[in-house]
Amino acid sequence: MGRSHPPQFLLICTRMNTMNLVTFAVGTMLLLTPALAQQPDAAQKERLNILFILVDDQSPFDLKVYDPDSVCRTPVIDLLAKEGTVIDGAHHMGSWSGAVCTPSRHMVMSGRTVWHLPRRGIRGEKQNPLCPKDLAEQTMAAVFNRAGYDTMRTCKRGNSYKAANNQFTVVHDKVMRGADGKNGSAWHADRVLDYLKQRESENDADPFLIYFGFSHPHDPRHAPEEYLAHYGAQNRSVPSEPAENAPPLPRNYLPAHPFHHGHPRLRDEVNVQGVKRRRDPATLRNELGRQFACNENIDHQIGRVLNRLEAMGELDNTLIIYTSDHGMAIGRHGLQGKQNLYEHTFRVPFVVKGPGIPKGKRVQGNVYLLDVLPTLCDFAGVPAPATVEGRSMRPVLEGKQETIRDVLYGVYAGGTKPGMRCVKKGNYKLIQYDSLDGFVRETQLFDLSNNPDELLAAHHVDVVEFLTGNDPKRHQRNLATDPNFANVRAELEALLLAEMQRLDDPYRLWNQPAIK
Ligand SMILES: [Ca+2]
Ligand SMILES: [Ca+2]
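As a starting point, this report considers the structure included with it. These figures come from a predicted structure and were not determined experimentally.

**Observations concerning the overall build of the protein**
Here is step 1: Summing up its helical and strand segments, the protein has 16 helices and 16 strands in all.
Here is step 2: The C-alpha radius of gyration of the protein comes to 23 Å, within 12% of the 24 Å expected for a compact globule of 516 residues.
Here is step 3: Each principal axis of the C-alpha distribution contributes one length, and for the protein these read about 75 × 60 × 45 Å.
Here is step 4: For the protein, contacts bridging at least 24 residues in sequence account for 71% of all contacts bridging at least 6.

Here is the structure:
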């Protein structure tokens, strides 16, 4: 259920006795009066609105915007891309938990790096000493409330950052993964539409920050029938043969990952409704169909909100960001979940449209989701809190720079430790695996300019080529043991260690010096 209160004000009041409250009230009036005088209604109306759209568990390669071969229909996102800028190199920094959503959403809200969040997945540790205790006061909604914005949020509940979510003035958090309008993605859109209607009826001219989150396409992927039919997919059972119109297997599909992912009994790899441990084409194409149907429904729901903003005359003054909390495998590399560092999962879709954003442009960017908060602050003219470690994307979004950083780091440490690490620089990407007490120690090196799908030797096997219809080129494989790339590997291994040190990663891999 929704609720509406000014959390900052209530918080301050509960800490004061009556005498202090009178002094506070007089003092506040003195403080506020000149500020109000400087911001007449007309000027107030000019301030930028923000619509931040976050979906749950979507690979960028689901979308035509990132994979022109995708059969997923998302006309609204396509239009946002045409009227705005697409960031190719957008990433989440990773996770120290099997619930990858949780650190991702902490990073979105706080702008902090993955090992500097309130928790860091260390058993028995209640509070990360590398994170200020009152961080929630410096998160997205708290910052924008103080700047005079109206803040509203709808999203799934759980695996998130509750203390930051509660800072929004209007909050509707509920897991809505049903197939119908009352229990699915339409519910989240309806909350935004109700909120916009209320603003209109009250002639509310304050700028808004709307956090428009969805509970889908996260499993269980119960999509409406009208969308399922297009992808030949079924919610309740898996056909014995793939439907003719089911989405094809991804180019980097494998029937099994070449080695253990290092997180035994991981729910997403063994217990997702409709998939479980199966990796056969009928199962995965049905599940991709369900994913695409959920994506298409989300796209439609976003369209309803954008139409309303246009009718209200607010659309042209609104900065719109579309992204996901992390990517997703669904059969890519033989994996099903989000607990890996391949591009399909380490990267996120990221489309931005708004005043001053070039139309129909793509940039590499090299951004993280933790750059969202400083970016919003930059565009809105609001100072970013000192706790923020991310950087504003504004220079790349306005076409002034191609990237905001050269090196990208990623982690998955939610299973056995230390887990997976990756580092990217230019075309090259290194992934290292150190898990199951040293049973898995693997290195992968990819030249993403020649091998964007991160194809491995296993992708060259006849049966895999037959199933995917993809015929990999000879060099499209793991280059880690190729002597021609020994220097590249050494450089990236050194960069990975430097990033782990810089970011206070509490673990080291088998081939790195131990922490002193
Ligand atoms: Ca998620
Ligand atoms: Ca207001």
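**Re the sheet that holds strand 14 (residues 419–425)**
Here is step 1: On the basis of which strands lie adjacent, the open sheet formed by five strands has the order 5-13-14-15-16 and mixed pairing. Pairing within the sheet leaves two strands with one partner each, and these edge strands are strand 5 (94–95) and strand 16 (440–447).
Here is step 2: Seen against the sheet, helix 16 (residues 486–502) touches strand 13 (407–412), strand 14, strand 15 (428–435) and strand 16 and runs at an angle of roughly 115 degrees to strand 14.

**Re unusual backbone geometry**
Here is step 1: The linkage connecting histidine 216 with the following residue, proline 217, adopts the cis geometry, with an omega of 0 degrees.
Here is step 2: Mapped onto the fold, proline 217 is located in strand 8 (residues 208–217).
Here is step 3: For the bond running from aspartate 219 to proline 220, omega is -5 degrees, close enough to zero to count as cis.
Here is step 4: Within the fold, proline 220 resides in the loop between strand 8 and helix 9 (225–230).
Here is step 5: Its identity as a non-glycine residue notwithstanding, histidine 333 has a phi of 60 degrees, on the positive side.
Here is step 6: You can see histidine 333 is positioned in the loop between strand 9 (318–324) and helix 12 (343–346).
Here is step 7: Accessibility expressed as a C-beta count within 10 Å gives 24 for histidine 333, which makes it buried.
Here is step 8: Even without a glycine there, the phi angle at leucine 436 is positive, about 55 degrees.
Here is step 9: With respect to the secondary-structure elements, leucine 436 resides in the loop between strand 15 and strand 16.
Here is step 10: Look at leucine 436 and you get partly exposed, because 17 C-beta atoms sit within 10 Å.

**Remarks on the pairing of strand 7 (residues 170–173)**
Here is step 1: Every second residue of strand 7 is oriented toward a common face, with Val170 and His172 on one face and Val171 and Asp173 on the other, all of them buried.
Here is step 2: By the bridge criterion, four bridges tie strand 6 (residues 150–155) to strand 7 in an arrangement that is parallel. By the bridge assignment, cysteine 155 is partnered in strand 7 with aspartate 173.

**Considerations on the packing of helix 8 (residues 185–201) against helix 11 (residues 281–311)**
Here is step 1: Between helix 8 and helix 11, the shortest axis-to-axis distance is 9 Å and the interhelical angle comes to 10 degrees. Relative to helix 11, the element helix 8 is oriented roughly parallel. For the pair helix 8 and helix 11, the contacting residues are Ser185, Ala186, His188, Ala189, Val192, Leu193 and Leu196 in the first and Asn297, Ile298, Gln301, Arg304, Val305 and Arg308 in the second.
Here is step 2: A class-by-class count of the residues in the contact of helix 8 with helix 11 yields seven nonpolar, four polar and two charged.

**Considering the packing of helix 4 (residues 75–83) against helix 11**
What describes two packed helices is the angle between their axes and the distance between those same axes.
Here is step 1: One way to put it is that helix 4 packs onto helix 11 with a least axis distance of 7 Å and a crossing angle of 60 degrees. In terms of axis orientation, helix 4 runs oblique to helix 11. Listed contacts from helix 11 to Pro75, Val76 and Ile77 of helix 4 are Asp299, Ile302, Gly303 and Leu306.
Here is step 2: Considering only residue class, the contact of helix 4 with helix 11 consists of five nonpolar, one polar and one charged.

**Notes on helix 5 (residues 101–110)**
Here is step 1: Most of helix 5 sits inside the fold, with ten of its ten residues counted as buried.
Here is step 2: Within helix 5, burial applies to Cys101, Thr102, Pro103, Ser104, Arg105, His106, Met107, Val108, Met109 and Ser110.
Here is step 3: Buried-residue contacts for helix 5 involve strand 2 (49–56), strand 5, helix 6 (140–146), helix 7 (162–165) and helix 13 (372–380).
Here is step 4: Downstream of helix 5 by a residue or two, glycine 111 has a phi angle that is positive, lying close to 75 degrees.

The rules we used
- Residues numbered from 1 in each chain as written.
- Chains lettered and ligands numbered in written order.
- Predicted model: local features only at pLDDT ≥ 70, side-chain atom pairs only at ≥ 80, totals over all residues.
- Helix = DSSP H or I, 4+ residues; strand = E, 2+ residues; numbered from the N terminus.
- Rg over C-alpha atoms; globule rule 2.2 N^0.38 Å.
- Contact = placed C-beta atoms within 7 Å.
- Pairing = 2+ DSSP bridges.
- Axes fitted to C-alpha atoms, helices over the stretch in contact; angles between N-to-C directions.
- Buried ≥ 20, exposed ≤ 12 C-beta atoms within 10 Å, placed from the backbone.
- Parallel < 35°, antiparallel > 145°, perpendicular 65-115°, else oblique.
- Nonpolar A, V, L, I, M, F, W, Y, C, P; charged D, E, K, R; others polar.

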